[in-house]
Structure formats: C-alpha cells, structure tokens
Amino acid sequence: FHKAWTFKDYVADCWNDCVYDYDHHHRITTDQDYIRACRISCLISRHYVPEEKVFAFYKEHWKGWCKDPPDWFDDEFKAMVPEYVMEVVEVE
C-alpha cells in the first residue's frame, strides 16, 4: 500500500535507484557516477543528502576523475560541488 515518503527518503532512493538524468549540459545520461556526484550531491540541499555516502563516494572517485576525467567532469561541474564536500575531498 502507499507509504508517505519524506524528501530525505526520496533522495536516498535516488542514490540507489536513479538510472538516468540530464547532466549540467542538458544531455541525457545514464552514468551512475554523474547522477550521484551532481544530481544528488550538488543540486539538493545538504539537509536531505546522505552525507556519509556522499563523502565516501567523492573520496573514492575524485582522484580518478582528475586523472581520467569523464566528459561531465569539467570546470562548470567542479564549480557546482558544494564547499562542504570539497573540504572533505581536499583533506585527502
């Protein structure tokens, strides 16, 4: 039966199950890394984001994205990354 979801529940579901979205250049993407890195981490208030998952995700992927950048990992994307996330990434 129908269960009421909070927005935080919806965001957590998107983290696991979102299979396509539009990137910041308005192109359709199915890249799960992009969906997690941008849609969830950059476009949604940190009050709703699963921060520990975001921090672990960025720590795991940032260096790889810098070495071999996907097409969406550009200056525009980097500017969208919240400061509180970059503080965790830059500690590494």
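A few points on the structure. What you see is a predicted model, and the numbers here were worked out from it, not measured in a lab.

### Examining helix 2 (residues 32–40)
So, point 1. What helix 2 keeps buried is the set Y34, I35, R36, A37, C38 and I40.
So, point 2. Structurally, the start of helix 2 carries an N-cap: the backbone nitrogen of D33 is 2.9 Å from a side-chain oxygen of D31.

### A look at the environment of A79
So, point 1. With respect to the helices, strands and loops of the structure, A79 is situated in helix 4 (residues 75–80).
So, point 2. With relative accessibility at 65%, the residue A79 sits in the exposed group.
So, point 3. Taking the C-alpha atoms as reference, A79 lies 9.6 Å from C42; in sequence the two are 37 residues apart.

### Description of the pattern of salt bridges
So, point 1. Counting across every chain of the model gives three salt bridges.
So, point 2. Between R27 and D23 there is a salt bridge, and its shortest N-O distance comes to 2.7 Å.
So, point 3. Residue classification places R27 among the partly exposed positions, given a relative accessible area of 34%.
So, point 4. Using a relative accessible area of 7% as the deciding quantity, one classes D23 as buried.
So, point 5. For E51, the salt bridge identified is with R46, shortest N-O distance 2.6 Å.
So, point 6. On the basis of relative accessibility, which here comes to 40%, the residue R46 falls in the partly exposed class.

### Focus: the side chain of D21
So, point 1. Residue placement: D21 occurs in strand 1 (residues 21–22).
So, point 2. Classification of D21 by relative accessible area gives buried; the value is 16%.

### As for a nonpolar patch on the surface
So, point 1. There is a patch of nonpolar side chains on the surface, built from W5, F7, Y10 and Y48 and spanning about 410 Å² of accessible area.
So, point 2. For W5, the location among the structural elements is in the segment before helix 1 (7–17).
So, point 3. Here W5 falls in the partly exposed class, since its relative accessible area comes to 46%.

Scoring rules and cut-offs
- Residues numbered from 1 in each chain as written.
- Predicted model: local features only at pLDDT ≥ 70, side-chain atom pairs only at ≥ 80, totals over all residues.
- Heavy atoms only, no water.
- Buried < 20%, exposed > 50% of the residue type's maximum accessible area, 1.4 Å probe, protein only.
- Helix = DSSP H or I, 4+ residues; strand = E, 2+ residues; numbered from the N terminus.
- Polar contact = N/O pair within 3.5 Å; in protein donor to acceptor, adjacent residues only side chain to side chain.
- Salt bridge = Lys/Arg side-chain N within 4 Å of Asp/Glu carboxyl O.
- Patch = residues over 30% accessible without salt bridge, like charges linked within 9 Å, V, L, I, M, F, W, Y side chains within 5 Å.
- Areas by Shrake-Rupley, 256 points an atom, 1.4 Å probe, with all protein chains shown as cover.

Without other data, these values stay purely geometric and don't point to any function.
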